[in-house]
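Given next are the chains, with one letter for each unit.
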Amino acid sequence: MGLTKTEIFTDEQNQLATLLKAMAHPARIAILQRILISNTCICGDLVGELGLAQATISQHLKELKNAGIIQGTIEGVSICYCINPKTWKLLEKRLGAFLAEYKGETTCC
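Residues numbered from 1 in each chain as written. Predicted model: local features only at pLDDT ≥ 70, side-chain atom pairs only at ≥ 80, totals over all residues. Heavy atoms only, no water.

Under an unreviewed UniProt entry, the protein chain has the name ArsR/SmtB family transcription factor and belongs to Pedobacter helvus.

Put into structure tokens, the structure is as follows:
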């Protein structure tokens, strides 16, 4: 089939797909939930809480950061991560609008 032809889709469709793809792993959902629950930046305490290897968590954090869902700052030898509020609001808006397009039950299926 080849490469995905993203140019045939709208910017909004591509952006929502990118954000959802970045979140589409249970470990990433767990990381985001941990950040949301703490309501603060997380600095390296995810390994003990999630039971995953540091390298695995680092890879998941990298994917979330590359998508702009989280942001990181360097504090000493640690990198602290928190929700990127601008992207989170955009995700909330786009996903909410997408889900709201459902009109309710139909009799076609």
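Next comes the rest of the description.
Asks: Would you explain the overall build of the protein chain in this entry?
Replies: Of the regular secondary structure elements, the protein chain holds 5 helices and 2 strands. Each helix (α) and strand (β) of the protein chain, taken in turn from the N terminus, gives the series α-α-α-α-β-β-α. In terms of overall dimensions, the protein chain is more spread out than a globule: its C-alpha atoms have a radius of gyration of 17 Å, far above the 13 Å expected for 109 residues. Considering only C-alpha atoms, the protein chain reaches an extent of 55 × 35 × 25 Å along its principal axes. Looking at the 109 residues of the protein chain, the share that counts as buried comes to 24%. When the accessible surface of the protein chain is summed, it comes to about 7900 Å², and 59% of that surface belongs to carbon and sulfur atoms. Positive and negative side-chain charges of the protein chain, numbering 11 and 10 respectively, have mean locations separated by a distance of 4 Å. (Helix = DSSP H or I, 4+ residues; strand = E, 2+ residues; numbered from the N terminus. Rg over C-alpha atoms; globule rule 2.2 N^0.38 Å. Buried < 20%, exposed > 50% of the residue type's maximum accessible area, 1.4 Å probe, protein only. Areas by Shrake-Rupley, 256 points an atom, 1.4 Å probe, with all protein chains shown as cover. Lys, Arg positive; Asp, Glu negative; His and termini not counted. Charge placed at Lys NZ, Arg CZ, Asp CG, Glu CD.)

Asks: How do you make sense of the packing of helix α1 (residues 11-23) against helix α2 (residues 26-38) when you look at a structure like this?
Replies: For any two helices packed against each other, the geometry is given by the interaxial angle and the distance between the axes. Look at α1 against α2: their axes get within 7 Å of each other, and the N-to-C directions meet at 90°. In terms of orientation, α1 and α2 fall into the roughly perpendicular class. Here α1 contributes Lys 21, Ala 22 and Met 23 to the contact with α2, which in turn contributes Arg 28, Ile 29 and Leu 32. (Axes fitted to C-alpha atoms, helices over the stretch in contact; angles between N-to-C directions. Parallel < 35°, antiparallel > 145°, perpendicular 65-115°, else oblique. Contact = heavy atoms within 4.5 Å.)

Asks: Before we go on, may I ask you to explain helix α4 (residues 54-66) in this structure?
Replies: Its 13 residues give α4 an end-to-end C-alpha distance of 18 Å, which sits within 8% of 18 Å, the value for a rise of 1.5 Å per residue. Among all positions of α4, only Ile 57, His 60, Leu 61 and Leu 64 are buried. Here the buried residues of α4 occupy an arc of 100° about the axis, which is enough to place them on one side. Exposed and facing more than 90 degrees away from the buried side of α4 are Ala 55 and Asn 66. Of the surrounding elements, those touching the buried residues of α4 are α1, α2, α3 (46-50), β1 (70-75) and β2 (78-83). Count one or two residues on from α4 and you reach Gly 68, which has phi positive near 85°. (Expected span 1.5 Å × (residues − 1). Arc of directions from axis to C-beta.)

Asks: What should I look at first to understand the packing of α2 against α4 in this one?
Replies: Axis separation between α2 and α4 bottoms out at 10 Å; the angle between their running directions is 75°. In terms of orientation, α2 and α4 fall into the roughly perpendicular class. Where α2 abuts α4, its residues Ala 27, Arg 28, Ile 31 and Leu 32 lie against Ile 57, His 60, Leu 61, Glu 63 and Leu 64. Taken together, the residues of the contact of α2 with α4 break down into 6 nonpolar, 1 polar and 2 charged. (Nonpolar A, V, L, I, M, F, W, Y, C, P; charged D, E, K, R; others polar.)

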